[in-house]
Each structure stands twice: as structure tokens, then as C-alpha cells.
Amino acid sequence: MSATSTPAIRSAIGAFKPEAFAAHLASLPPLPSWWIERKRAAYERFAGLPLPARTDEAWRFSNLSGVALEGFAPAASGPSAPAISMGIKKSARLTFANGALISRETLDPALEKQGVIIDSLRNALTRHGDLVREHLLAQPARLGSAKFTALHEAFLSDGAFIHVPKGIQIELPVGIFSHALGDGIAVFPHTLVVAGENARVSVVEYFGSGGDEENQLAIGANDLYAGHGAQVTYVGKQDWSHRALALQSNSTVVRRDARVQSLNLHLGGRQVRHESLSQLQAPGAFSEMLSLSVAHGEQEFDQRTLQIHQAPDTKSDLLYKNALLDRARTIFSGLIVVDPDAQRTDAYQSNRNLMLSEDAEANSLPGLEIQANDVRCTHGATTSRIDPEQEFYLQSRGIAKAQADELLTFGFFEEVLNRLASDELHAALRALIQTKFKR
Amino acid sequence: MASLVIKDLHASIGDKPIVKGLSLTINSGEVHAIMGPNGTGKSTLAKVIAGHPDYTVTGGDVLLDGKSVLEQEADERARAGLFLAFQYPSEIPGVSIANFLRAAVQARMAEGEEIDAAAYYKRLYARMDMLKIDRKFTSRSVNEGFSGGEKKRCEILQMAILEPKFALMDETDSGLDIDALRIVSEGVNTLRGPGLGVLMITHYQRLLNYIVPDFVHVLYDGRIVKSGDKSLALELEAKGYDWVKRELAAANA
């Protein structure tokens, strides 16, 4: 084997030197000391951990030379953000630019009366410290990105905090916009959703850059907590610059009889890693994990998932679909873990890849780790090409090959989009995916 | 007046020649039936004209309004005015009939031009009513889970919406019960007119009771070996294809 292609100058901390961390702390307003202490500890963990190595099973098939932290600076302040429409009606809207909250609109006046909190994480740290402390980055980073989750915690400047108290149901989604604007900047977006007992909330988050040529680093995380009987829907629309390196860690905790549905759409980025952890902690808990990706050019989408069944009578259902064009690469590595007393677990995991190019590459590593004896677990992965007879059928109606492939891709995605209860959201996601085919 | 001219066409799949010197001219307004025993190249002929990538044209030409279509992709030929009604239409999961037809109509418009949705749906529903297709079908996936009759009606619906100059109908009667055959035939007869030429491929004479052709041709071994008017179809029905084979053998003897 020849020498590794990793540049010698690639250091484990890259641009995130102690001076940069000190400058970040100095830029913060007064915040609770426990939080500052946690940030300091996180920075130490980040600095002490090595970059992922070829031998790390959790990074198998990943392009490690693309995971470099040089040349970025945490964004100092938020410029004005571009106006983006999600194409859906919302109950509230938070907009962040380069990590700073730049606008907060409550569109449904009933929310405040009901005790719903939709605010910045900074405000929540001061005003709802206990709730934040209990849930913010409280779950272990088990999917390989402990170093980057620590970096996220250390440099996390601001994010979204949504708390829906017991029994309150919000019909319209809360919209969150996270913009990274400018070349060479690093952003650390965070969304924390806490749904109390029998609460219901839906959150739609958009991640985007100022332009497709901006070289950026986005290290994001979210925490979704669904209390007893709560229903949480989360839709993440990732549309970063095509030169961005994005590493995202999502963690979902589902309590008794609660239900969480998440759908992550991946369109942008040069190299994107998305880790998703679902913990089914009490009987009746259900987590539905969905993903759609359109990878083109030389994009790499690297998805790692973990469904942990920690209690009996829990259910999880994962369906990740990738459409690959050009020389794009995808990696799916999923694991279902069933703890010894999690009897009658019902777990499903499926990764399907549609190859629209001979040169694309889809890697799939489904896995099971079952320690209970009365369970139903199925997993599978398929990779298929466009059916030439379907393509000819569409072409014979006057539809050019590229449009035919786009239609067939939407046909392939429909199974996932149909899982959404909202027709409006379904249509908005279709429209956003269409923009990728028009580029 | 538009014309579809097939000139001494030769086509193969792999190394195997299937169409072996076929010539035929169809003018708009005319309905031509091509009949023949199984395995003589009927379906291949339709696919070759439509531009299926599995077939190679090894000689001759196909001219639409005097212009060769052989260098064109299937979608260009379709936009130029050709339509293939498939014997076995593909099922396309997840793609609704409404979206599919919209894409096909949009493909015929100039760049930047948008479909008038209200007018489009009005026309679509009128055609669906004509073909006795439930309007709920628009939200169903193309051909998925359709019965044989539903698939064929859906083919005719597409033809009615896309308004081709020439339709190649490949065994449109196969798999149809008598009621479905009547509905499909009525649909085709409604579309018949001076602006449409039809090449109807069929194994059985039955279809020709419903869609009466102007010309009937017998295809055998990749060539047209006999042509006539609608009475030729009746003669074939009475005497069987062996009659043509015997005549041919006698002529070649």
C-alpha cells in the first residue's frame, strides 16, 4: 500500500485552535456557568480526540481526506439572510445567519398563551436553563462523530429552542432557517425540540448557503425529545453550498406511546455526513426515520444510523432512499440494537439506492444486534438501475431522457414522501428536490 | 398532408435480422392494419419506428413528412408526431398519470412556456370521460395494478391528449374483453380523422370489425407479402395464415 494521501499539514484541531475557542467564549453574552463549563470540557474532548482514521469501522467507506478542519473561521456575526420561502404555512419562524438569530416571528398568537416557547437557545439557556440542561446534547455520540459533536458543543453560538408543554398541539409547522453566508466560514447550527406529555409539534428546518461556490464547514446537531404520548415531526432540508463539508448528528429520544417522524432531505454539500440516533425508551414508543438524497457531481452523502430498542413493545421504521447521478457516492450504515428486555420489538430498516449513472457508487451496510428473543426485525438494502423499458416508455411520450430520469426518481421517492401527513409539505419537498434537477 | 414512409427497412436485434426489407407508406387520414402470424416482426416494426434502443436499423429509412427519423432519440420522434401504443405498457410506480401526462405535454411546449393547468385538466377530463376512465385515475401511478383493459384505455388516453400525427398501435386488442375492446375502439374511432394516420398491428381480425381499416397488409418473415383492403382481413380469417404461406411458397418455387 502506498503512503496515505492525507496532507501532512492536516491537524486534529485544524483552524479550531485554543485562541479561536477563547475568542468564541469572549464573544458570548453572559450565560449560565454550567454551560460554559460544558463548552470548555467539550473543547478539551475535541482537541484530545484524533481525526477519524482508515481503521475506524464507523468511518468505513468515508472519504477521510475530505474531513479537514483547516481554513475555516467561526462566523463572527450574522449578516442579513436571504429571503427563502419554504412554500408552507407556518405557526412560527426563526431565522439564523452564521449562527446568530436574526429574526423570530410568532405567526400564531395563541402559542404564547399556551405556554409554547419558540426562542433562541441563548435566551432559553438563561430563561429555561433546567429544561435545556436536561436535553441539550445529553445523548452519547455513538456513531463515530464524538470529536465533531464535541467541536459543535464547544463552538455552538446559538440555535433554536422549541418547547411545547403538556397537552398542547400545534397544527402548523415551526420553520427554522439556518444560513451560512460567506466563504471560509464555519457554522454550528442546533435545534432542540422538547415535546411534553401528549404534545404535538412539527418542525421544518432548512439549511442553506449564500452560494454554491462558498467553501464552508457546517457542524450541526439536533435533539428531539418526545415525552409520554407526544407526537413530533421533524423535516430537515439540507441544501448547503456544493463546496461545503457538513457533519450533522441528530438524536431522538422517544418515551412511552410517543411517536417521532423525521425526514432528512440531502441535496447540497460536497461531503455530508449525517448521523441519526433513535432511542426507544419506553413501551409504545415509535420512531420513523426517513431520508431522501439526490447526490450528483462528486458529492458524498454518508449516513450512519442507530435504532436502539431499550424497552418492550417499541417500534422503529427506517427507510432511506438515495438517487445517485454522475460520480456521486453514498454510504449507508445502519444498525438496529435490541436490548435484552426489549421483547416484542418491531424494527425495520431499509436502504434503497437508485443509480442514474454507471459511475456512481452506493455502499450499504445494514446491521442487527439482537439480544431479546421475541422480536420482529427486518433489514435490507437494494441497489438498482433505472429500468430501460420504463425510460423508453416515458421517452416514447416525448419526454427527454433527463426529464424521464427525473420523473422516475420522483416515482422512487414517492414511497417516502407519501409517509408525510401534510400534502403541503409533500409538495414543498418535491419542489425543492426539483430545483436540484434544474441546476 | 403528413406522411409516414417506411422504405426498404431492415432491422435486427443483436445479430438477428427481424425486419427484412419492409416498405409501406401511410398518409394522414389513413388506417393501415398489419396482420401476421406470431414471430414475424410485427411488434419489432412498431418499436423500431418508435426508436427503441434495443434494435439496430441495418438498412432503409423511416421518413416522417420526408425527414428521416432514424437519427432521432425516441423522445424526439414522439415530439415530431409519432406515438406508440404499447402491447405491454410499462408500470411506473410512484409517478401519477396526471404528472406523467403533464410532463409529456410540457415536453411539447417551448422552453419557459407553462401549461395552462385549468385548460389542461378540462381537456384531460373530457378525454377520460370519452374513454370511460374514472377521473380518480389521474392520481394513480401509471399502469400500476391496472387490468389489461385499463392499461389499453390509458394508452388511448395518452394518444388522445398528445394528438400525434401517426399512431403505431401494437396489438391494442390483446388481453381485452369485448366491452373493453368496444370502448378502446370507440376511442380510436373518435380520434380518427384527416389529421391522424394509424398503423394498427394485430394478430386477429376481430379488432378490424371495430376499427375498420382502409388498407390491410400481411407481414411474414419481416416483409409485407400481401396487401389489400379490408376484405383481405376477412379472407385471412377464413383461410388462415397458412394460405399466405402456401401462396408464398408457390410463388418462390
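Structure: see above.
Scope of this entry: the structure provided in the associated data block. (Residues numbered from 1 in each chain as written. Chains lettered and ligands numbered in written order. Predicted model: local features only at pLDDT ≥ 70, side-chain atom pairs only at ≥ 80, totals over all residues. Heavy atoms only, no water.)

This part covers the overall build of chain A. Helices and strands together make up the secondary structure of chain A, namely nine helices and 21 strands. With the principal axes as the frame, chain A shows a C-alpha extent of 65 × 50 × 45 Å. Expressed as a percentage of its 439 residues, the buried residues of chain A come to 59%. The contacts of chain A with a sequence gap of at least 6 include a subset with a gap of at least 24, amounting to 84%. Accessible area of chain A: about 16,400 Å², with a carbon and sulfur share of 50%. Once the 43 positive and 49 negative side-chain charges of chain A are each reduced to a mean point, those two points are 2 Å apart. (Helix = DSSP H or I, 4+ residues; strand = E, 2+ residues; numbered from the N terminus. Buried < 20%, exposed > 50% of the residue type's maximum accessible area, 1.4 Å probe, protein only. Contact = heavy atoms within 4.5 Å. Areas by Shrake-Rupley, 256 points an atom, 1.4 Å probe, with all protein chains shown as cover. Lys, Arg positive; Asp, Glu negative; His and termini not counted. Charge placed at Lys NZ, Arg CZ, Asp CG, Glu CD.)

Here we come to the sheet that holds strand β9 (residues 166–170) of chain B. Residues and elements named next belong to chain B. Ordered by their spatial adjacency, six strands build an open sheet running β6-β9-β10-β3-β11-β12, and the pairing between neighbours is mixed. If you trace the sheet from one side to the other, it starts and ends with β6 (82–85) and β12 (223–228), each paired once. Going from strand to strand, the sheet's axes swing by 20 degrees on average, the running direction of each strand aside. With four bridges connecting them, β6 and β9 associate as parallel partners. Within β9, the residue paired with Ala-85 across the bridge is Met-169. Across the sheet, helix α8 (residues 230–239) touches β3 (31–35), β11 (215–220) and β12, and the angle it forms with β11 is around 45 degrees. Its contacts with the sheet place helix α9 (residues 241–252) against β3, β10 (197–202), β11 and β12, and it is angled at close to 110 degrees to β12. (Pairing = 2+ DSSP bridges. Axes fitted to C-alpha atoms, helices over the stretch in contact; angles between N-to-C directions.)

Here the focus is the sheet that holds strand β2 (residues 16–27) of chain B. Residue and element names in this part refer to chain B. Spatially, four strands are ordered β2-β1-β4-β5 in an open sheet, and the strand pairing comes out antiparallel. With partners counted over all chains shown, the strands left at the sheet margins are β2 and β5 (67–68), one partner each. Sheet topology places strand β1 (residues 3–13) next to strand β4 (residues 55–64); eight bridges connect them, and they run antiparallel. From the neighbouring strand, Ile-6 faces β4, where its bridge partner is Val-62. Of the strands in this sheet, β1, β2 and β4 touch helix α1 (residues 42–50), which is tilted by about 70 degrees from β4.

The next subject is the packing of helix α3 (residues 97–106) of chain B against helix α5 (residues 148–162) of chain B. Residues and elements named next belong to chain B. Put simply, α3 and α5 touch, their axes get as near as 10 Å, and they point 35 degrees apart. In this structure, the crossing between α3 and α5 has a hand that is right-handed. Contacts from Ile-97, Phe-100, Leu-101, Ala-104 and Val-105 of α3 reach α5 at Cys-154, Leu-157, Gln-158, Ile-161 and Leu-162. Classifying every residue of the contact of α3 with α5 by side-chain character gives nine nonpolar, one polar and no charged. (Left-handed = near helix turned anticlockwise from the far one by under 90°. Nonpolar A, V, L, I, M, F, W, Y, C, P; charged D, E, K, R; others polar.)

Every contact between the two is made by 18 residues of chain A and, on the other side, 33 residues of chain B. Both faces combined, the contact of chain A with chain B buries some 1,900 Å², and carbon together with sulfur accounts for 63% of it. By the criterion of area lost to chain B, the three top residues of chain A are A:Phe392, A:Tyr393 and A:Arg397, representing 41% of everything that side buries. In this assembly, chain A and chain B are joined by one salt bridge. Here B:Glu155 and A:Arg397 are joined by a salt bridge, their closest N and O atoms 2.6 Å apart. The tally of links between chain A and chain B comes to twelve residue pairs in polar contact (both at pLDDT 80 or more). Within the residue set of the side of chain A that touches chain B, elements represented by two or more residues are α7 (388–395) and α8 (401–417) of chain A. (Buried area = accessible area lost by both parts, 1.4 Å probe. Salt bridge = Lys/Arg side-chain N within 4 Å of Asp/Glu carboxyl O. Polar contact = N/O pair within 3.5 Å; in protein donor to acceptor, adjacent residues only side chain to side chain.)

Residues and elements named next belong to chain A. By the element assignment, Asp-302 lies in strand β16 (residues 300–309). Since its relative accessible area comes to 2%, Asp-302 is described here as buried. At 3.0 Å, the side chain of Asp-302 and the side chain of Arg-273 are in polar contact. For Asp-302, the side chain forms a polar contact with the side chain of Arg-304, separated by 2.7 Å. Once you skip the residues sitting within four places of it in the chain, Asp-302 turns out to touch Ser-62, Val-272, Arg-273, His-274 and Ile-331.

Rolled over the atoms, a probe as big as a water molecule pinpoints where empty space is left. Of the pockets and cavities examined, the largest pocket occupies roughly 1,100 Å³. Sorting the residues of the lining of the largest pocket by element identifies α8 and α9 (423–437) of chain A together with α3 of chain B as the ones contributing at least two each. The element contributing the most residues to the lining of the largest pocket is α8(A), with six residues. Of the residues belonging to the lining of the largest pocket, the class tally is 16 nonpolar, eight polar and twelve charged. Space inside the second largest pocket adds up to approximately 420 Å³. (1 Å grid on protein atoms, 1.4 Å probe; cavity = no way out; pocket = protein on both sides within 12 Å on 5 of 7 lines; lining within 4 Å. Points joined across faces, edges and corners; volume = space filled by probe spheres on them.)

The next point concerns the pattern of salt bridges. Residue and element names in this part refer to chain A. A complete count under the given rule lists 38 salt bridges over all chains for this structure. Between Arg-344 and Asp-313 there is a salt bridge, with its nearest N and O atoms 2.9 Å apart. Highlighted residues: Arg-344 in the loop between β18 (329–338) and β19 (346–355) and Asp-313 in the loop between β16 and β17 (315–324), separated in sequence by 31 residues. Overall, the relative accessible area of 45% leaves Arg-344 in the partly exposed class. Since its relative accessible area comes to 37%, Asp-313 is described here as partly exposed. Look at the salt bridges and you will find they share partners, linking Arg-259, Glu-288, Asp-317 and Arg-419 into a network.

By the definition in use, this model includes 21 aromatic pairs over all chains. Taking the centre distance of 5.7 Å and the plane angle of 65 degrees together, the rings of A:Phe392 and B:Phe86 count as edge-to-face. Residue A:Phe392 is located in helix α7, and its partner B:Phe86 is located in the loop between β6 and β7 (92–96); the two belong to separate chains. For B:Phe86, a relative accessible area of 7% gives the class buried. Grouped by ring-pair contacts, the aromatic residues A:Phe16, A:Phe21, A:Tyr43, A:Phe46, A:Phe155 and A:Phe188 constitute a single cluster. Positioned over the ring face of A:Phe46 is A:Lys147, at 4.3 Å from the centre of the ring. (Phe/Tyr/Trp six-rings, centres within 6.5 Å; stacked < 30°, edge-to-face > 60°. Lys NZ or Arg CZ within 6 Å of the ring centre and 35° of its normal.)

All right, on to the packing of helix α4 (residues 117–130) of chain B against α5(B) then. All names here are of chain B. Taken N-terminus to C-terminus, the directions of α4 and α5 make an angle of 140 degrees; their axes are 10 Å apart at the nearest point. On the basis of their axis angle, the class for α4 and α5 is oblique. The interaxial crossing formed by α4 with α5 has right-handed handedness. Touching Arg-123, Leu-124, Arg-127, Met-128 and Met-130 of α4 are Leu-157, Ala-160 and Ile-161, all from α5. Here the contact of α4 with α5 is composed, by residue class, of six nonpolar, no polar and two charged. (Parallel < 35°, antiparallel > 145°, perpendicular 65-115°, else oblique.)

A separate point is the pairing of β16(A). All names here are of chain A. Burial analysis of β16 places ten of its ten residues in the buried class, which makes it a mostly covered element. Taking every second residue as pointing to the same face, both faces of β16 are buried, with Glu-300, Asp-302, Arg-304, Leu-306 and Ile-308 on one and Phe-301, Gln-303, Thr-305, Gln-307 and His-309 on the other. As paired strands, strand β14 (residues 271–280) and β16 are joined by ten bridges and run parallel to one another. By the bridge assignment for β16, Leu-277 is matched with Leu-306.

This part takes up helix α6 (residues 178–191) of chain B. When the terminal C-alpha atoms of α6(B) are compared, their 20 Å separation across 14 residues agrees well with the 20 Å that a helix rising 1.5 Å per residue should span. Listed in full, the buried residues belonging to α6(B) are B:Ala180, B:Leu181, B:Ile183, B:Val184, B:Ser185, B:Gly187, B:Val188 and B:Leu191. (Expected span 1.5 Å × (residues − 1).)

Function-wise, these values are silent; they only describe arrangement.
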